[in-house]
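So the chains spell out like this:
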Amino acid sequence: MAAAALSRSRGVAGVRGTKGLFFIVTLLCLVGLTSSLIDKTKLEKLKKTVEKAQQKVDFEKAGMATTSELMNYYVGVMDPLAELLKKATKELPDDFPSLGGLMESLKGFMKKTKTYIDGQNEELGEEIEETEQKLREMKKLIKMLEEQQAEL
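As a starting point, this report considers the structure included with it. (Residues numbered from 1 in each chain as written. Predicted model: local features only at pLDDT ≥ 70, side-chain atom pairs only at ≥ 80, totals over all residues. Heavy atoms only, no water.)

1. Digging into the overall build of the protein chain
Cut-off, in case you're wondering: Only DSSP runs of H or I reaching four residues or more are called helices, and only runs of E reaching two or more are called strands; each is numbered from the N terminus. A 1.4 Å probe rolled over the protein chains alone gives each residue an accessible area, and that area as a share of the maximum for its type sets the label: buried under 20%, exposed over 50%, partly exposed in between. Note on contacts: a residue pair is in contact if any heavy atoms of the two residues lie within 4.5 Å. We get accessible surface area from the Shrake-Rupley algorithm with a probe of 1.4 Å; when it comes to residues, only the shown protein chains can shield them.
Counting secondary structure elements, the protein chain contains two helices and zero strands. Burial status across the protein chain gives 14% buried among its 152 residues. For the protein chain, the share of sequence-separated contacts (at least 6 apart) that also reach a separation of at least 24 residues comes to 89%. A total accessible area of about 12300 Å² is found for the protein chain, and carbon and sulfur atoms account for 63% of it.

2. Notes on the side chain of Lys107
With respect to the secondary-structure elements, Lys107 resides in helix H2 (residues 100-151). Residues within four places of Lys107 in sequence aside, it is in contact with Met78, Asp79 and Ala82.

3. Quick notes on the layout of surface pockets
Which entries qualify depends on this criterion: Only protein atoms enter the 1 Å grid used here, on which a cavity is any set of points holding a 1.4 Å probe that cannot leave and a pocket is any open set flanked by protein within 12 Å on both sides along at least five of seven lines; residues with an atom within 4 Å of a point are listed as lining. Grid points are joined across faces, edges and corners, and a volume is the space filled by probe spheres set on the points.
Empty space within the largest pocket amounts to approximately 160 Å³. Every residue lining the largest pocket is counted, 14 residues in all, and those nearest its centre are Thr89, Pro97, Ser98, Leu99 and Gly100. At the level of elements, helix H1 (2-90) and H2 are the ones that each hand at least two residues to the lining of the largest pocket. When residues in the lining of the largest pocket are grouped by element, the largest group, four residues, is from H1.

4. Thoughts on a nonpolar patch on the surface
Counted only if it meets this: Patches here are clusters of residues that have more than 30% relative accessible area and form no salt bridge, with a 9 Å joining cutoff for like charges and a 5 Å cutoff for nonpolar side chains (Val, Leu, Ile, Met, Phe, Trp, Tyr). Note on definitions: salt bridges are taken to be side-chain nitrogens of Lys or Arg within 4 Å of carboxyl oxygens of Asp or Glu.
Nonpolar side chains collect at one region of the surface, where Leu70, Tyr73 and Tyr74 lie side by side and expose about 320 Å² of accessible area between them. Along the chain, Tyr73 turns up in helix H1.

5. Here we look at the environment of Thr115
Within the fold, Thr115 resides in helix H2. A relative accessible area of 56% means that Thr115 is categorised as exposed. Considering only alpha carbons, one finds Thr115 and Met71, 44 residues apart in sequence, at a separation of 9.4 Å.

6. A closer look at the nonpolar core
Here is the rule: The nonpolar core is taken to be a set of buried Ala, Val, Leu, Ile, Met, Phe, Trp, Tyr and Cys residues, with the residues joined through side-chain atoms within 4.5 Å.
Counting seven residues, the largest nonpolar core is built from Met71, Val75, Met78, Ala82, Met103, Met110 and Ile117. Counting residues per element, the ones that place at least two in this core are H1 and H2. Excluding its chain neighbours within four sequence positions, the residues that come into contact with Ala82 are Met103 and Lys107. Counting six residues, the second largest nonpolar core, distinct from the first, contains Leu43, Val50, Val57 and Leu135.

Structure, rendered in structure tokens:
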């Protein structure tokens, strides 16, 4: 009789254990699926953030190149402008103030400004290079995460 009671309790316990195990596995699958869906949302946000950062880097690179080109142009215009000013001042009255000193000061200022901008562009170029490296790493990470999610 004790053996019959023992076998009945094991049988019932086995069924309950299986039902409990099934419940736990189902719950874990749902949690994993939900977690996977949340990760997809986070991954999409991460992709958008990386794309925006890449756009900002491209914008900064274009601005850096444009600034450098403009400064080269303006420094190159200073010499012809000085020559033109010399020709124009010959026709002015003798008591008219000389503009030669002003032009020399302006040339010096433009050269100093160009040197400063070139230094700033060099620093910005280094920062851009570091940022591009980080963006490449982030893109690799995103690609790896997408591959993992595709496997799920």
